[in-house]
Every structure is written in C-alpha cells, then in structure tokens.
Amino acid sequence: MSSVRPGRIEVPALVAVWIREWTVFRYYWRTRTFAAIVEPVITLLAFGFGFGKLVSSIDGIPYIQFVGTGAVATAVLFSAVFSAMFDALYKRRYQRVYDAMLAAPVDVDEIVTGESLFLGTRAGLYGVAPLLVAFMFGLKPEPAMVLVPVIGVVTGIGFAALGMWFAAMVSTYDGFSYVISGVITPLFLVAGTFFPLNRMPQWLQSLAQLNPLYHCVELVRHCAFGLDPAADLVHLGALCAFAVVAWWLAVWRTRARLIL
Amino acid sequence: MSLHGVVKRFGDVRAVDGLELRVPAGVCYGLLGPNGAGKSTTMRILTGQALADEGSVVVLGHRLPAESKLARARMGVCPQDSNLDVDLGVRDVLEVFARLYRVGPPERAAAVDRALALAGLEHRSGDRAVTLSGGMQRRLLIARALIHQPEVVLLDEPTVGLDPQIRQELWSLIVGLRDGGATVLMSTHYIEEAERLADRVAIMSAGRVVAEGTPAELILAHAGSEVVDVHGSAAQLAELRSRADADGLPTRHSGPALTYLRADSLDGRLPAGLRRSATLEDVFVRLTGDYVE
C-alpha cells in the first residue's frame, strides 16, 4: 500500500478517481459518445446548411466552417458540464458513492480534481468531432489544429468543475432548470459560436470577455484560420483562470455537502 | 479508537452529546442503541465525514479530523445504506476500491480474489452488482470494506433488513474478522446481534453512552441474573407498573407483559409470573426507554 499524506492532493488518489470514472465509462461509452458527438454535429449541419443559405461567409470564412469551429466549443461545453452536473448529483444524493469514496483515503478536492480531469479529457476529445465534420465541408487542415484537443481539455476541465459546483448547489434534478436556462444557455449563445460578436453592441462584446466559452471559440478559430500569439495567450490564460475558479467553487460546495 | 467529550450538532439537535467511548484493539465492539441514538453520526465522525463540534477523536493513533486520511487508509467501512456502484461489475467494484485504498499493483488482483472469496461471490464476479440479491450486495459491501485488509472495520447496521440465513453468514464473517486480529466496531439495534458477536457493548441513548461493558456485565449490573414476566391486560399492567414505581422496583414493558428486573434479589416482593434469565434486551429497554420516537 502506498503512503498517504494528509492535506495534499495525491497522484495515487487522482489516478484512482480517474480510473473509477473510466471504469464506469466503459459500461456506457456507446450512449455517452453518441450523444456527445451526434448532437453538435447535427447542430453544425442544421446551422451550416440552414443559415449557410442566408449567410455565405463571415469575415471571409465560409459560414459552415465558421460554425464548425465554433461547434467544437459547444461540444466541449455540453459534454463536460452536463455529465458533471447529472453524474455528481446522482453520486452524491442518490447512489451515495461519494460517501463510499470518502471512507477511503480520498478527500473531496481529490474527487473533484480527478473527475474534472476525466470529464475534461473526454470532452476535449469529443470536441474534435465537429472539426472533423467541418473538414468534409472544405475546412483546410492546419498544423495548429493539433492544439484543438488541448484547448478542449482545458475548457472541459473548467466546465466539468463548474458542473460539479452546480451539482453541489442543488438538491434535486429539478434544480438544474435554473442553471440550464439561466447560465448555460446564455453562455452557449453569447460565445461567438453561431454569429460573430464583433458586430454586436459593445456591452455584449464586453460581457463575452467573461464567458469562458468565447475564449475557447476564439482559440479554436485561431488554430484553424491563423494564430494571434498575444491574443491567444490571453484567451488561454482566461480559460486556465476559469478552470481554477470553477475548481475552487466545486471543492468548496461539494465539501460542504459531503462533510457534515 | 477513543472519543472524548464529543458533541455533534445539526441545528438545534445534538445528535452526539458528550460521547465518551474507548474501543480496545482486537475486539468486536457493539454500539447498541435505538434509531436516532447517534450511532451512525458517531460512525461518520470516525471516518471524517462528520466533524465533531467539540471533543477529541483518535483512531489508530491519528487525531481526527486533521489526520483522518491516515486513519481511513487503515480502516474499512460498511455503511448502513448501500452505496455500491451498482452499475459496475462485481469485480470492477472491488478493483476500483482496491485502487482507492492504495493497494499496489502487485497485490491488487490477489486482494480482489481474496475479497471475492470472503464474500462468496467468485461465481458472480462478472455480473453487475445491481443483479445481486440484497444479501449478496451486503456481502459485496463488506468485501469492499476489507479489500485492503484493514486493522479497524466499521460496520454500521451490517445486517439490517436481511434474511436470518444471510444474517448468520455475516455473523460468521464478522467473528472471523475479529479472530483474524481486526478491531470491529459494529453499530446495531439488533440486541441479539450485539449479544452474540460483541466482546464489549456500549449502549447509546440520546447521543451518549449510558452503559458499557461485556454483555454479561451489563446484564448483571442492570437487570440481575433473573427477571419475571407478568402477563395481564393493559389496565392490570399499568396498575402493576405504577405500584412497582412506587415501591422502587425496576421494571420494563415487554410487549403484553411487565418485566420485573433483578428478580433474584427481590423474592417475595414480586407478583407471580414467568421467571427467566435476564437478557441484554432487558438492559437495553430499561436504559433507553420503553418507547422511541
């Protein structure tokens, strides 16, 4: 048995939490992957073909490619935040598996970190699907696109932690209605996914700076259509800061729920 | 394990109220009490899942909650309510917890096999936990708690809701654990369970220990060696009870009878009735009250 050090986030505990998630995923990978990939692809095709008839290009980018790069971010958002919300509430309130895990030498911060890392990694990989579809519609592969999964993972970790925070704030699934309508939908719409924000009012553009999804969209587009190193570092910094804040909130509220 | 002056409040309710408890190493220790006595909260305090508002808690030399992680690495816990990953396969459940309990890769497969054998679930290792019967799920919970061969095992109402046959099996398992050198702290409200399994028993009521000792010591100290059950109508029993109270005779309700405790020392002062040996149940009801909320 490896040594245990109290008060620290330990790698063996993170690996154990991550492996638990992986073990569960092995049972459900078909349904979860289907939902996570097909939904953004359908959205991409619907918007691409639908609005594509009305809007041929945006800033010189064919509309379906514009949406295709934006849909990467929405795939990451939905995959990470919804899985985290519903799974964490199920494990805490109904299955009580967190109680079982906390009886082992694992602390709340290790559970939140391990699960966020798993869900973030998975979301990052799922986020590539819309990009692959966009290739079929003429998006040209660029070397910088190898960074897209990395961007997806960083974004996904933040949104997974955010989802765990939401889960720790509600007592039933019904409570998610406020979060989905009041937080996730605005995040999804005001991120520059389906329309460019630079043509929106200044106040909306300023508000978008606070939206982590916007920074993800910008980074993915820059990978596809040309990097802007200075701006991209700011976007990456914003995503990292978001992940840290969301993680801290998730640990704080989850601990309050689980440790009486 | 020792708990000294432990208080745990939930709002205005004092779930644990000045608890004093010392569990010696290598014994099976029964924590006996009615529902709401504070047994499960005490268990949660011992695993660091509830923080005491007052008092001190030491487990295996580790002060809680600061060193709870170190203590948890050496403890196994079987909760009252199932918290299994029921969608996983039986073997997967054990492998996941082997990792969580830091069982190293060289020993992990053997630890899982040993736990499966202990629970008698080798033939179901590939099945999902949700397909197991209630008794099998309970055995899997215990096997999960023992995957890392802990020095201390906490069993919170281990046999609640199980068939008598399954209960007997689990009793054998618990005795085997104690005989193997583990310290077992078992909360229960089944008196027979405590009487049969526990080397020592603490009776809890309203968040504190009201009596402690071996079952034989507790029986002798609080009920004497013999008791007398007097049967009658409700009105007759009520009258007998009030007369006994006035005469200072210790009694307790026992269904359709009134039980006179310490009958061996009260010859000539008791009404006619059925004389029998005193039991831990006589002590339990006498100390925790005839009725529970």
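Criteria and thresholds
- Residues numbered from 1 in each chain as written.
- Chains lettered and ligands numbered in written order.
- Predicted model: local features only at pLDDT ≥ 70, side-chain atom pairs only at ≥ 80, totals over all residues.
- Pairing = 2+ DSSP bridges.
- Helix = DSSP H or I, 4+ residues; strand = E, 2+ residues; numbered from the N terminus.
- Axes fitted to C-alpha atoms, helices over the stretch in contact; angles between N-to-C directions.
- Contact = placed C-beta atoms within 7 Å.
- Nonpolar A, V, L, I, M, F, W, Y, C, P; charged D, E, K, R; others polar.
- Buried ≥ 20, exposed ≤ 12 C-beta atoms within 10 Å, placed from the backbone.
- Arc of directions from axis to C-beta.
- Parallel < 35°, antiparallel > 145°, perpendicular 65-115°, else oblique.
- Left-handed = near helix turned anticlockwise from the far one by under 90°.

Q: It is not clear to me how the sheet that holds strand E12 (residues 251-254) of chain B should be interpreted in this structure. Could you clarify?
A: One key point about sheets: their strands pair by backbone hydrogen bonds, in either a parallel or an antiparallel sense. Residue and element names in this part refer to chain B. Taken in spatial order, the 4 strands line up as E12-E13-E11-E14 in an open sheet, and their pairing is antiparallel. With partners counted over all chains shown, the strands left at the sheet margins are E12 and strand E14 (274-277), one partner each. For this sheet, the mean inter-axis angle between neighbouring strands, taken without regard to orientation, is 30 degrees. Here strand E11 (residues 226-231) runs beside E14; their pairing, made up of 4 bridges, is antiparallel. Looking across to E14, one finds that Val 228 is bridged to Arg 275. Strands in contact with helix H9 (residues 234-247) are E11, E12 and strand E13 (257-260); relative to E13, the strand with the most contacts, it is inclined by about 20 degrees.

Q: Is there a simple way to explain the interface of chain A and chain B in this structure?
A: Note on interface size: it is often stated as the accessible area lost on association of the parts. Chain A puts 26 residues into the contact, and the matching count from chain B is 28 residues. Listed by contribution, the elements that provide at least two residues to the side of chain A that touches chain B are helix H1 (11-50) and helix H3 (97-103) of chain A. The element best represented in the side of chain A that touches chain B is H1(A), accounting for 7 residues. Looking at the side of chain A that touches chain B residue by residue, the class counts come to 19 nonpolar, 3 polar and 4 charged.

Q: How should I be thinking about the pairing of E12(B) in this particular structure?
A: Regular strands show a simple pattern: their side chains alternate between the two faces of the sheet. Residues and elements named next belong to chain B. In terms of strand pairing, E12 meets E13 through 4 bridges, oriented antiparallel. Looking at the pairing, His 253 lines up with Leu 258 of E13. Where E12 folds back onto E13 in an antiparallel hairpin, the turn is made up of 2 residues, including Gly 255, whose phi is positive at roughly 65 degrees.

Q: Got a minute to help me understand the sheet that holds strand E4 (residues 54-59) of chain B in this structure?
A: Residue and element names in this part refer to chain B. The strand order across the open sheet built from 4 strands is E2-E1-E4-E5, with neighbouring strands paired in antiparallel fashion. The open sheet has two free edges, formed respectively by strand E2 (13-22) and strand E5 (62-64), since each of these has just one partner strand. Across the sheet, the mean angle separating the axes of adjacent strands is 30 degrees when strand polarity is ignored. One ladder, built from 4 bridges, connects strand E1 (residues 2-10) with E4; its direction is antiparallel. The residue bridging Val 7 from the neighbouring strand is Glu 54, located in E4.

Q: How do you make sense of helix H10 (residues 280-288) of chain B when you look at a structure like this?
A: Structural remark: α-helix, 3.6 residues per turn; residues separated by three or four positions point the same way. All names here are of chain B. The element H10 is extensively covered by neighbouring structure, given that 7 of its 9 residues are classed as buried. Among the residues of H10, those classed as buried are Leu 280, Asp 282, Val 283, Phe 284, Val 285, Arg 286 and Thr 288. Following H10 by one or two positions, Gly 289 adopts a phi angle in the positive range, close to 100 degrees.

Q: I would appreciate a short explanation of helix H8 (residues 215-223) of chain B in the present structure.
A: All names here are of chain B. Taken as a whole, H8 has its buried residues at Pro 215, Leu 218, Ile 219, His 222 and Ala 223. Looking down the long axis of H8, one finds its buried residues gathered within 100 degrees of arc, a one-sided arrangement. Structural note: H8 exposes Ala 216 and Ala 221 on the side pointing more than 90 degrees away from its buried face. Those residues of H8 hidden inside the fold are in contact with helix H7 (191-197), strand E9 (200-205), strand E10 (208-213), E11 and H10.

Q: Explanation requested: the packing of H1(A) against helix H2 (residues 63-94) of chain A in the structure shown.
A: What describes two packed helices is the angle between their axes and the distance between those same axes. Residue and element names in this part refer to chain A. At a closest axis distance of 9 Å, the pairing of H1 and H2 adopts a crossing angle of 150 degrees. Judged by the inter-axis angle, H1 sits roughly antiparallel to H2. In the packing of H1 onto H2, the handedness of the crossing is right-handed. Together, Ala 36, Glu 39, Pro 40, Thr 43, Leu 44, Phe 47 and Gly 48 of H1 and Tyr 63, Ile 64, Val 67, Gly 68, Ala 71, Thr 74, Ala 75, Phe 78 and Ser 79 of H2 make up the contact between the two elements. A breakdown of the residues in the contact of H1 with H2 according to their chemical character gives 10 nonpolar, 5 polar and 1 charged.

Q: Even after reading the chapter, I still don't get the environment of Gly127(A), so can you show me in this structure?
A: All names here are of chain A. By the secondary structure assignment, Gly 127 is in the loop between helix H4 (108-126) and helix H5 (128-136). For Gly 127, a count of 31 C-beta atoms within 10 Å translates into the label buried. As for Gly 127 and Gly 60, which are separated by 67 residues in sequence, their C-alpha atoms are 24 Å apart.

Q: Can you help me understand the packing of H1(A) against helix H3 (residues 90-100) of chain B in this one?
A: As a packed pair, H1(A) and H3(B) sit with axes 8 Å apart at the nearest point and diverge in direction by 165 degrees. With respect to each other, H1(A) and H3(B) are oriented roughly antiparallel. In this structure, H1(A) meets H3(B) at a crossing whose hand is right-handed. Together, Ala16(A), Ile19(A), Arg20(A) and Thr23(A) of H1(A) and Asp92(B), Val96(B), Arg99(B) and Leu100(B) of H3(B) make up the contact between the two elements.

Q: Sorry, what's going on with unusual backbone geometry here?
A: The omega angle of the peptide bond from Leu64(B) to Pro65(B) is 5 degrees, so this bond is cis rather than trans. Structurally, Pro65(B) can be placed in the loop between E5 and helix H2 (68-72). The backbone of Asp59(A) sits at a positive phi, close to 50 degrees, despite the residue not being glycine. Inspection of the secondary structure puts Asp59(A) in the loop between strand E1 (57-58) and strand E2 (61-62). Given 10 C-beta atoms within 10 Å, Asp59(A) falls into the exposed group.

Q: Is there a simple way to think about the environment of Leu170(B) in this case?
A: Residues and elements named next belong to chain B. Position of Leu 170 relative to the elements: it lies in helix H6 (residues 164-179). A residue is classified by how many C-beta atoms lie within 10 Å of it, and Leu 170, with 22 of them, is buried. Through-space distance from the C-alpha of Leu 170 to that of Arg 139 is 7.5 Å; in sequence the pair is 31 residues apart.

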